[in-house]
Amino acid sequence: MLFALICKDKPGNLQVRLDTRPEHIAFLEGLNGDKKLAFAGPFLDADGKPNGSLVVVEAPDLAAAKALSAADPYTKAGLFESVEIRQWNWSFNKPAGI
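Below is a short write-up of the structure. (Residues numbered from 1 in each chain as written. Predicted model: local features only at pLDDT ≥ 70, side-chain atom pairs only at ≥ 80, totals over all residues. Heavy atoms only, no water.)

## As for the pairing of strand β2 (residues 37–44)
As defined by bridge partners, β2 adjoins strand β3 (residues 50–58) across seven bridges and the pair is classed as antiparallel. Its bridge partner lying in β3, F43 is registered against G52. Between β2 and β3, which pair antiparallel one after the other, the connecting turn spans five residues, and G48 there sits at a positive phi close to 80 degrees. (Pairing = 2+ DSSP bridges. Helix = DSSP H or I, 4+ residues; strand = E, 2+ residues; numbered from the N terminus.)

Printed below as a string of structure tokens:
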């Protein structure tokens, strides 16, 4: 099943995001290689700078989705003010094979 990880950055932590981004990208590439990543990308503020993330993962249950979230280098770096994890159903424009 799919889970949306809705992550909000702590205010004033853009540099943490930028410094940790290479590790985060490698983490997402690993999830993608393991067929656990549906899609991901940053939320942007009014100036077009990232201030959060939306990551949709394939996981067997909420506990596994929480474990994936906890393993994200952004989470480990303390970037996020909050992380909401919600089960999600891809209803429209779902690519074949997902």
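## Topic: the side chain of T20
Within the fold, T20 resides in helix α1 (residues 14–33). Taking the relative accessible area as the measure of exposure, T20 reaches 8% and is therefore buried. (Buried < 20%, exposed > 50% of the residue type's maximum accessible area, 1.4 Å probe, protein only.)

## Looking at helix α2 (residues 62–71)
Within α2, the full set of buried residues consists of A65, L68 and S69. With its buried residues spanning 100 degrees around the axis, α2 presents them on a single face. (Arc of directions from axis to C-beta.)

## Some remarks on the sheet that holds strand β1 (residues 2–9)
Where strands meet in a sheet, backbone hydrogen bonds hold them as pairs that are either parallel or antiparallel. Strand order in this open sheet of four strands is β2-β3-β1-β4, and the pairing throughout is antiparallel. Both outer strands of the open sheet, β2 and β4 (80–88), are each paired with one neighbouring strand and no more. On average, each strand axis in the sheet is inclined to that of its neighbour by 15 degrees, with strand direction left out of account. Relative to β4, β1 runs antiparallel, the two sharing eight bridges. Note on β4: the bridge partner recorded for A4 is R86. Strand contacts of α1: β1, β2, β3 and β4, with the helix running at about 15 degrees to β3, the strand carrying the most contacts. Helix-sheet contacts for α2 involve β1, β3 and β4, and the interaxial angle to β4 is about 145 degrees. (Axes fitted to C-alpha atoms, helices over the stretch in contact; angles between N-to-C directions. Contact = heavy atoms within 4.5 Å.)

## A closer look at the packing of aromatic side chains
Under the definition given, this model contains four aromatic pairs. Between F39 and W88, the aromatic rings sit 5.8 Å apart at their centres with planes inclined by 80 degrees, giving edge-to-face as the arrangement. A residue pair is termed long-range when its members are at least 10 positions apart, and F39 in strand β2 and W88 in strand β4 qualify at 49 residues. On the basis of relative accessibility, which here comes to 33%, the residue W88 falls in the partly exposed class. (Phe/Tyr/Trp six-rings, centres within 6.5 Å; stacked < 30°, edge-to-face > 60°.)

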